[in-house]
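Descriptive structure summary
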Amino acid sequence: MLKKRKWPMKGWHKRFFYLDKGILKYAKCAADVEKGKLHGCIDVGLSVMAIKKKAKCIDLDAEENIYHLKRASLAKQSSLHSPVSFTSQAKVTAWLQSSDDMDRCTKELSVCEAQLLELNHLLRSMEVLHRTYSAPAINALQVTFHSTMKSALCMLTTEKERLKQMLEHDSCPAPSAQLMGLKNALASVRSPTHTYPLCAFSQAQHYLLTIIQFLASNESRASITESLSEFFDAQEVLLSASSSENEVRMKSPLYFQSHKCTAQSVIAVGVQLGCVENGGSQEQRRCCLPSPSPNTSNISLWNILKNNIGKDLSKVAMPVQLNEPLNTLQRLCEELEYSELLDKAAHTQDPFERMVYIATFAVSGYASSYYRAGGKPFNPVLGETYECDRPDKGFCFVAEQVSHHPPISACHAESKNFIFWQDVRWRNKFWGKSMEIVPVGKTHVVLPGFGDHYEWNKVTSCIHNILSGQRWIEHYGEISIKNSNSEKCQCKVTFIKAKYWSSSMNEVEGAVTDHKGKVVHKLFGKWHEGMYYGSPPSATCIWRMNPMPPDYEQYYGFTKFALELNELDPLTKALLPPTDSRLRLDQRLLEEGNVESAEVQKQRIEQLQRERRRVLEDNHMTHQPRFFQKSRDDTWVSNNTYWELRKDPGFSNFDCPVLW
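An unreviewed UniProt entry lists the chain under the name Oxysterol-binding protein, with Cyprinus carpio carpio as the source organism. You can read under Sequence similarities (unreviewed entry) in the UniProt record for the chain the words "Belongs to the OSBP family." In its Subunit (unreviewed entry) section, UniProt records this for the chain: "Homodimer. Interacts with RRAS. Interacts (phosphorylated form) with VAPA. Interacts with OSBPL6."

Printed below as a string of C-alpha cells:
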C-alpha cells in the first residue's frame, strides 16, 4: 500500500510495485505495469530510504514527494488480483536481517569521506601557495594530494565491487550508477598536474554523500522507530505536539530568585489599551546586525541526523552555528510585520473586503521565511518571555514559553484596531533530504469595531536540501478562514506545492465566498512577493513584500523588521523583565559573532533548565506561566497582566526562574 505525502492526504492506496533497474514503478495492478499505465516512478538511487522493520513500512524521500510504502496483510493480499510487493518477502527479510556488509561499507566509506575532506584542505592550500609561494612548495603538496587520492580511489573501488555483488544477489538495491559516477569523478583528478580539480572533487563529494546517505538509511536498525533520549535541548525550533502540562509555580531557592534593579532605572510610562505608549521605544532603529552570520560549512548535518530519519527532531541537540540570533517568540512577532493590513481591515465597511485583508495578512506572515531556510531560531526555555512595543506600528506584543515538553509558545498583541493571539506547537519529521513542519492550532484576530472574530489554521512548511546543496523552503496546503461571529463570508487560501517540471514557485490562490458558497472575490499572488485580488489584468495589488536590507544574505536573510526585534537600547532594557529574550546570553553572543562563547552559554542555559525541571519533579510540582492561562478549549490565552505589571510596580522585584 502507498501513502503519498501530497497535501491534503487521503489515506492509504493499494498499489502494485515493480523494481526495475533501480526505478520503482507503481500502478493499480501488474497488468497496468505491463501496459505502461503507471501511476508514478521513483528513482530509488536518488532517494533517501528509511525502513521500519516492525511496522513493515518503507519511507522514500524523493525530494518532490515523500512516499510511505506499507506491506498489506496476508488476508488483504489474498483478495487482490495482484499482491502488493516491493520485492519478494524472503528477500526483504534477508535484506533487513543482514546488515554486516552494510555496516562495513558505511564504516569504510566514512574513512573515504574523511580523506576527501583532507583533499579539500590540500586543494585550498595549493591555491593559496600558487598565489604566494614558489613552485616547489606546490609540487610537494601535489605529491600528498596524489597519495591521498589514490588511497581513497582504492577503497571506493573495493566498495563498488562489494555493492555490485550485493546488487547481483538482490541483497540491496545499491545505486551502482552513482558509484561509477564517483569513480569517474575521482579518476579525473588522479594526475598531480591537476592543480585545481575542484569541479571533479566537488562531484566526487556529491556522489560519496549520496552513497553514505543511501547505506545509512538502508541499514537494519531496530532503533530507527524508537524515540530519542531526552536532551532537553533549548535550541530546536521544530516542535512536537501533544497536550500541555498542568503546572503550578513553586518558590524554591534554586527555581526562583528576585531580580532587582534600582528605582532610578524604572521610567514612568503611559499606558493605552494595556500597552506601553512611549517609554523604551527608540525613534531610530538599527539597520544592520553587529556581525554577519557565521560559516557553517564545517558542520556535518548528516552525522547529526542520519539516525533520525522519520523521527521527531525536537529533542536533537544542534550546534549553535545553525541558529539565527532570534528565537521562536520573536518569530511569532514577525508575523505582525504587515500589521497595517489588519488596520485597513478595521477601517473597511464591506465584510467581504475585510476578509480580503485578513486573508492577505495570513499570507504575509510567511514572506520573511523566504531567505531564512539556512538557519533556525533558538527554542525558548520554559518561562522565557518577549515583548515588542511598537508605537510606530500601533501595537504592543508579548509572548511566553508556557510549556517545555511539549514545547508551546503563546503570544498576544493589541492595538486600537485589532487583537491578535495564538499558541504555537508543531509536528515535524525528517525524511532524509527534507524536513516537514506541520503546525497545530489556530491563529485568532478580533476586530472590536465590527465584532468580528477571525480564526485560521497554518499550512505545512518543508525545508529541502537539508544535507547538501542550496536549502530552500516551501509552504503548501490550505488555509481556511472563518468569522466565528458571522456566517456571512469565509475564505480559503491554497499554497500550491511546487512541481519539479514547472518553473512557477510559491504561488497562492484564494477565494472569498458568501454563505451560499458563491465567489465574491478572487485572490492570487506569491507568498514571498505580493498578493492581488480581482482578475488579471485589472487586478488590484493589496500587499507587496518590503524591500530587503543591503547585504541581507550575509546577515541571516533578515528583513528590516527582523533586524530590529533583538535590538536592546538602554531605555528598553531598564523596563524589561529578566526573562526577556533580548537578555539571553547565548543568543546575544551569536548576534555579536562570538560563536564559541555562544555555544558555552547555550550549554549552561540548557543545564539550568534541566536543574529547574529536576527540582520541580522532585517536589511533585509544575511550572505555571505568569502571563498566559489555559482556556476551555485547551489553548493558551493572555491573562492581561503583563503591561499593567510593567507600568506599576514594574519588574524591579519580579520573582521568576533564573533562566540564564
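Moving on, we come to the environment of Leu-589. Mapped onto the elements, Leu-589 comes out in helix H14 (residues 585-591). Accessibility expressed as a relative area gives 18% for Leu-589, which makes it buried. Put simply, Leu-589 and Gln-601 are twelve residues apart on the chain and 8.6 Å apart in space, counted from C-alpha to C-alpha. Discounting residues that sit within four places of it in the chain, Leu-589 has contacts with Asn-594, Ser-597, Ala-598 and Gln-601.

What follows is about the sheet that holds strand E4 (residues 40-43). Pairing in this open sheet of three strands is antiparallel, and the strands run E2-E3-E4 from one edge to the other. Of all strands in the sheet, those bounded by a partner on one side alone are strand E2 (16-20) and E4. Each strand axis lies, on average, 20° off the axis of its neighbour in the sheet, ignoring direction.

Once that is clear, we can look at the packing of aromatic side chains. Two measures describe an aromatic ring pair: the distance that separates the ring centres and the angle between the ring planes. In the structure shown here, the tally under the stated rule is 17 aromatic pairs. For the pair Phe-627 and Tyr-642, a centre-to-centre distance of 4.9 Å together with 80° between the ring planes defines the contact as edge-to-face. One end of the pair, Phe-627, is in the loop between helix H15 (595-618) and strand E27 (628-630); the other, Tyr-642, is in helix H16 (residues 642-647), with 15 residues separating them in the sequence. Of the two residues, Phe-627 and Tyr-642, both sit in the buried class.

Our next topic: the nonpolar core. The biggest cluster of nonpolar side chains holds 82 residues, and the ones touching the most others in it are Ile-358, Phe-397, Trp-456, Ile-479, Ile-481 and Phe-495. Apart from residues lying up to four places away in sequence, Trp-456 is in contact with Ile-358, Phe-361, Ala-362, Gly-441, Lys-442, Thr-443, Val-445, Ile-479, Ser-480 and Ile-481. Core analysis: the second largest hydrophobic core is formed by 13 residues, Cys-396, Ile-408, Ala-410 and Trp-636 among them.

Looking at where Arg-584 falls in the secondary structure, it is placed in the loop between helix H13 (570-575) and H14. Between the alpha carbons of Arg-584 and Pro-380 there is a distance of 9.6 Å; along the sequence they are 204 residues apart. For Arg-584, the side chain forms a polar contact with the main-chain oxygen of Asn-379, separated by 3.3 Å.

On average, residues of the chain score 76 in pLDDT, and 66% of them are at 70 or above. A low-confidence stretch, residues 128-138 stays under pLDDT 50, and its non-local contacts, those more than four residues away or across chains, total six contacts. The model gives residues 220-280 a pLDDT under 50, and that stretch makes 195 contacts with residues more than four places away or in other chains.

On to the pattern of salt bridges, then. One pass over the full model with this rule turns up 23 salt bridges. Residue Asp-20 is joined to Lys-25 by a salt bridge in which the shortest nitrogen-to-oxygen separation is 3.5 Å. By relative accessible area, Lys-25 is classed as partly exposed at 22%. Asp-452 is the partner of Arg-354 in a salt bridge, and the nearest nitrogen-oxygen pair spans 2.9 Å. Remark: Asp-452 occurs in strand E19 (residues 452-456) and Arg-354 occurs in helix H11 (residues 351-364); sequence separation between them is 98 residues. By relative accessible area, which is 6% here, Asp-452 ends up buried. Salt bridges linked by common partners bring Glu-324, Arg-331, Glu-334 and Arg-372 together as one network.

Rules used throughout
- Residues numbered from 1 in each chain as written.
- Predicted model: local features only at pLDDT ≥ 70, side-chain atom pairs only at ≥ 80, totals over all residues.
- Heavy atoms only, no water.
- UniProt positions renumbered as here; feature names shortened; annotations may be inferred.
- Helix = DSSP H or I, 4+ residues; strand = E, 2+ residues; numbered from the N terminus.
- Buried < 20%, exposed > 50% of the residue type's maximum accessible area, 1.4 Å probe, protein only.
- Contact = heavy atoms within 4.5 Å.
- Pairing = 2+ DSSP bridges.
- Axes fitted to C-alpha atoms, helices over the stretch in contact; angles between N-to-C directions.
- Phe/Tyr/Trp six-rings, centres within 6.5 Å; stacked < 30°, edge-to-face > 60°.
- Core = buried A, V, L, I, M, F, W, Y, C linked by side-chain atoms within 4.5 Å.
- Polar contact = N/O pair within 3.5 Å; in protein donor to acceptor, adjacent residues only side chain to side chain.
- pLDDT = per-residue confidence, 0-100.
- Salt bridge = Lys/Arg side-chain N within 4 Å of Asp/Glu carboxyl O.

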